[in-house]
Amino acid sequence: MEAVWMALATGFGLGLSPWASGTVGTLLGVPLAWWLLGRARRVQLGITLALLLAAVPVCHLAEAQLGARDDGRIVLDEIVAFPVAVLGLAGARAPWAMASAFVVYRVFDSTKPPPVTLAEAVPGGAGIVLDDIVAAAMTWLVMAGGLALWRRRQSSS
């Protein structure tokens, strides 16, 4: 059983990347987010919430096993939090928008501006997942605003 949750926590090995493991791991969140955007908003929210809640104990166990606080090899948090960055934003299914969300999310998650740093201070699996949720929520604000401006510009052309 330990091998199963470690495989999940490390994004099936993507978290073992020698460089930018969080960025590499987030790549699994992109098809998940794209797939979720094809569902009703309630379904998107329900599945995303379930995945986030399930990730907390998995990340907690992986952190204990790896012996380091929020070990960089743990990327399940990035994978399941990334869909929050585009939740309910149908326009984000466009490749350019999804790529933009990916870049903005990675900037927020890697630089950890406040309030991301505050969320990261929460101990255990909850903190591992929470800082990514905050980074994704900040990304959502940027994306929602950017997509609204893009739609407005398209309709006035």
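Up top is the structure these notes are about.
Here the structure is a predicted model, which is why all the values come from computation and not from measurement.

Visitor: Whenever I open this one, unusual backbone geometry confuses me. Can you help?
Guide: Excluding glycine, residues mostly have negative phi values, and the peptide bonds linking residues are mostly trans. Look at the link from Pro114 to Pro115: it is a cis peptide, with omega at 10 degrees. By the element assignment, Pro115 lies in the loop between helix H6 (95-111) and helix H7 (116-120). Phi is positive for Phe12, close to 55 degrees, though the residue is something other than glycine. Judged by its relative accessible area of 62%, Phe12 is exposed.

Visitor: Honestly, helix H3 (residues 29-37) in this entry has me stumped. Any pointers?
Guide: Note on helix geometry: an α-helix contains 3.6 residues per turn, so any two residues three or four positions apart are oriented the same way. Those residues of H3 that fall on the buried side of the exposure criterion are Gly29, Leu32, Ala33, Leu36 and Leu37. Across the axial projection of H3, the buried residues extend over an arc of 135 degrees, all falling on one side. Residues of H3 that are buried in the fold lie against helix H2 (21-26), helix H4 (41-66), helix H5 (76-81) and H6.

Visitor: I tried to follow the packing of helix H1 (residues 2-9) against H4 on my own but got confused; where do I start?
Guide: The angle between the axes and the distance between the axes are what describe a pair of packed helices. Interaxial distance between H1 and H4 falls to 9 Å at its minimum, and their mutual angle equals 105 degrees. When the interaxial angle is binned, H1 and H4 end up roughly perpendicular. Each of Glu2, Trp5, Met6, Leu8 and Ala9 in H1 lies in contact with H4, whose residues at this interface are Val58, Leu61, Ala62, Gln65 and Leu66. The residue makeup of the contact of H1 with H4, split by class, is 8 nonpolar, 1 polar and 1 charged.

Visitor: What should I look at first to understand the pattern of salt bridges in this one?
Guide: Side-chain pairs of opposite charge can arise whenever the charged atoms involved come near each other. Applying the stated rule across the entire model yields 5 salt bridges. Ionic contacts of the salt-bridge type, sharing partners, join the residues Arg106, Asp109, Lys112, Glu120 and Asp131 into one network.

Visitor: Even after reading the chapter, I still don't get a nonpolar patch on the surface, so can you show me in this structure?
Guide: A grouping of Met1, Val4, Leu8, Phe12 and Leu28 is seen on the molecular surface, where their side chains present a nonpolar patch of about 530 Å² in accessible area. Secondary-structure assignment places Leu8 in helix H1.

Visitor: Explanation requested: the packing of aromatic side chains in the structure shown.
Guide: Two aromatic rings, taken as a pair, are described by how far apart their centres are and by the angle between their planes. Scanning all chains against the criterion turns up 3 aromatic pairs. Judged by centre distance (5.6 Å) and plane angle (70 degrees), the rings of Phe82 and Tyr105 are edge-to-face. Remark: Tyr105 occurs in helix H6 and Phe82 occurs in the loop between H5 and H6; sequence separation between them is 23 residues. The pair formed by Phe82 and Tyr105 is uniform in burial state, with each residue classed as buried.

Visitor: How should the packing of H3 against H4 be read in this particular structure?
Guide: Direction vectors running N to C along H3 and H4 enclose 150 degrees, while the axes themselves pass 9 Å from each other. The angle between the axes of H3 and H4 places the two elements in the roughly antiparallel class. In this structure, H3 crosses over H4, and the sense of that crossing is right-handed. Where H3 abuts H4, its residues Leu32, Trp35, Leu36 and Leu37 lie against Gln44, Ile47, Thr48 and Leu51.

Visitor: Honestly, the nonpolar core in this entry has me stumped. Any pointers?
Guide: Within soluble globular proteins, side chains that are nonpolar tend to cluster in buried spots. Grouped together as the largest cluster of nonpolar side chains are 37 residues, with contacts concentrated most on Phe82 and Val86. For this core, the secondary-structure elements that each account for two or more residues are H1, H3, H4, H5, H6, H7 and helix H8 (124-156). Element by element, the count of residues in this core is highest for H8, at 9 residues.

Calculation notes
- Residues numbered from 1 in each chain as written.
- Predicted model: local features only at pLDDT ≥ 70, side-chain atom pairs only at ≥ 80, totals over all residues.
- Heavy atoms only, no water.
- Helix = DSSP H or I, 4+ residues; strand = E, 2+ residues; numbered from the N terminus.
- Buried < 20%, exposed > 50% of the residue type's maximum accessible area, 1.4 Å probe, protein only.
- Arc of directions from axis to C-beta.
- Contact = heavy atoms within 4.5 Å.
- Axes fitted to C-alpha atoms, helices over the stretch in contact; angles between N-to-C directions.
- Parallel < 35°, antiparallel > 145°, perpendicular 65-115°, else oblique.
- Nonpolar A, V, L, I, M, F, W, Y, C, P; charged D, E, K, R; others polar.
- Salt bridge = Lys/Arg side-chain N within 4 Å of Asp/Glu carboxyl O.
- Patch = residues over 30% accessible without salt bridge, like charges linked within 9 Å, V, L, I, M, F, W, Y side chains within 5 Å.
- Areas by Shrake-Rupley, 256 points an atom, 1.4 Å probe, with all protein chains shown as cover.
- Phe/Tyr/Trp six-rings, centres within 6.5 Å; stacked < 30°, edge-to-face > 60°.
- Left-handed = near helix turned anticlockwise from the far one by under 90°.
- Core = buried A, V, L, I, M, F, W, Y, C linked by side-chain atoms within 4.5 Å.

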